[in-house]
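Fold and contact review
What follows is each chain in one-letter form.
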Amino acid sequence: MKKILAFGASNSSDSINKQLAKYASGLFKDVSIDLLDLNDYEMPIYSKDREKKDGFPQLAHDFYNKIGDADFILISFAENNGNFTTAFKNIVDWTSRINSKTFQEKPMLLLATSPGARGGSSVLDIAVKRMPFQGGVVKGSFSLPSFDENFDAEKGLISNEELNKNLLKIIDSIEL
């Protein structure tokens, strides 16, 4: 059985991106899902001096190994000032020092959502362009605009039929 590693690239305790990652990963058939919480990988802010003095935190190795154990990566990006969250960026900064190809040539689906009408499209554009340099093989991307209007948090699903069909079409095109 193929293994999907899924997470919201946010350290918010009520992350809408983690909700989207959970929903989207559940749309894949005959897979096991490892849904991560980035709070479990909180590390000191990366610096070359800290790396030289203390080496790599065990959590950086743990995160890197989680990627290595997965067959597919699904990330839903939160947007902070048009870019990655500090929590995600710091984890990638640490793990990229273990291997610059952090995502180990794994296929991936990249998502984003936000309360606004652009649905995190700025950070999603950055991620789609950046992940190949970090060893990710981008198989698709999807932005969910206006999260509160288009996602039923109680039921844990996209409530907008057209947007849901768009996501399903992308997922159906991905071979695991």
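Residues numbered from 1 in each chain as written. Predicted model: local features only at pLDDT ≥ 70, side-chain atom pairs only at ≥ 80, totals over all residues. Heavy atoms only, no water.

1. Things to note about the side chain of asparagine 17
The test is simple: Each helix is a run of DSSP H or I of at least 4 residues and each strand a run of E of at least 2, with the numbering of both proceeding from the N terminus. As used in this structure description, the phrase polar contact means that two N or O atoms lie within 3.5 Å; if the pair is within protein, one of them must be able to donate a hydrogen and the other to accept it, and residues adjacent in sequence are counted only when both atoms belong to side chains. Note on contacts: a residue pair is in contact if any heavy atoms of the two residues lie within 4.5 Å.
Its location among the elements puts asparagine 17 in helix H1 (residues 16-25). Engagement of the side chain of asparagine 17 in a polar contact is seen with the backbone oxygen of phenylalanine 77, the distance being 3.5 Å. When sequence neighbours within four positions are dropped, the list of residues in contact with asparagine 17 reads Gly8, Ser76, Phe77, Ala78, Ala112 and Thr113.

2. What to know about helix H5 (residues 121-130)
Which entries qualify depends on this criterion: Exposure categories follow from relative accessible area, calculated using a 1.4 Å probe and restricted to protein chains: below 20% of the type maximum is buried, above 50% is exposed, and the middle band is partly exposed. What the arc describes is the spread of directions from the helix axis to the C-beta atoms.
Among all positions in H5, only Ser121, Val123, Leu124 and Ala127 are buried. Along the long axis of H5, the arc covered by the buried residues comes to 155°, so they all point the same way. Contacts made by the buried residues of H5 are with strand S3 (72-77), strand S4 (106-113) and strand S5 (136-144).

3. Notes on unusual backbone geometry
Located in the positive-phi region is asparagine 81, a residue other than glycine, with phi close to 50°. Checked against the element boundaries, asparagine 81 lands in the loop between S3 and helix H4 (86-98).

4. Re the sheet that holds S5
Put simply, the test is: Following DSSP output, two strands are said to pair if at least two bridges run between them. To obtain each axis, a line is fitted to C-alpha atoms, and for helices this fit is confined to the stretch in contact; angles are then taken between N-to-C directions over 0 to 180 degrees.
Read from one edge to the other, the open sheet built from five strands follows the order S2-S1-S3-S4-S5, with strand pairing classed as parallel. Each having just a single partner strand, strand S2 (31-36) and S5 make up the two edges of the open sheet. Taking the axes of each pair of neighbouring strands and ignoring which way they run, one obtains an average angle of 20° across the sheet. Sheet topology note: the strand S1 (residues 2-9)/S3 ladder contains six bridges and is parallel. Bridge pairing in S3 places isoleucine 4 opposite phenylalanine 72. Strands S1, S2, S3 and S4 of the sheet are contacted by helix H3 (residues 58-69), whose axis makes an angle of about 135° with S1.

5. Side note on the packing of aromatic side chains
Definition in use: Pairing of aromatic rings covers Phe, Tyr and Trp, the last counted by its six-membered ring, and requires centre-to-centre distances within 6.5 Å; plane angles under 30 degrees mean stacked, over 60 mean edge-to-face, and any other angle means tilted.
A complete count under the given rule lists eleven aromatic pairs for this structure. Ring centres of phenylalanine 7 and phenylalanine 63 lie 5.8 Å apart, and the angle between their planes is 70°; on these two criteria the pair is classed as edge-to-face. With phenylalanine 7 in strand S1 and phenylalanine 63 in helix H3, this pair connects stretches of sequence that are 56 residues apart. Residue classification places phenylalanine 63 among the buried positions, given a relative accessible area of 1%. On the numbers, 5.3 Å between centres and 90° between planes, the contact of phenylalanine 77 with phenylalanine 88 is edge-to-face. You can see phenylalanine 77 sitting in strand S3 and its partner phenylalanine 88 sitting in helix H4, a full eleven residues away along the chain.

6. Remarks on H1
One turn of an α-helix holds 3.6 residues; hence residues three or four places apart share an orientation. H1 sits mainly inside the fold: seven of its ten residues count as buried. By the N-cap criterion, in which a side-chain oxygen at the helix start approaches the backbone nitrogen of a residue two or three places on, H1 is capped by serine 15, the distance to asparagine 17 being 3.1 Å.

7. What about the environment of aspartate 14?
Within the secondary structure, aspartate 14 sits in the loop between S1 and H1. For the pair aspartate 14 and phenylalanine 77, spaced 63 residues apart in sequence, the C-alpha separation works out to 14 Å. In terms of polar contacts, aspartate 14 uses its side chain to reach the side chain of serine 12, at 2.8 Å.

8. Concerning the pattern of salt bridges
Heads up, the condition is: We define a salt bridge as a side-chain nitrogen of Lys or Arg found within 4 Å of a carboxyl oxygen belonging to Asp or Glu.
Applying the stated rule across the entire model yields six salt bridges. Between lysine 165 and glutamate 161 there is a salt bridge; the shortest N-O distance is 4.0 Å. Separated by four residues within a single helix, lysine 165 and glutamate 161 lie in helix H7 (residues 161-172), roughly one turn from each other. Comparing lysine 165 with glutamate 161 shows no difference in burial state: the two are exposed.

9. Observations concerning the packing of H3 against H4
What describes two packed helices is the angle between their axes and the distance between those same axes. Rules: Working rule for angles: under 35 degrees goes down as roughly parallel, over 145 as roughly antiparallel, 65 to 115 as roughly perpendicular, anything else as oblique.
At a closest axis distance of 9 Å, the pairing of H3 and H4 adopts a crossing angle of 80°. As summarised for this structure, H3 and H4 are arranged roughly perpendicular, according to the angle between their axes. Contacts between H3 and H4 involve Ala60, His61, Phe63 and Tyr64 from the first element and Ile91, Trp94, Thr95 and Ile98 from the second.

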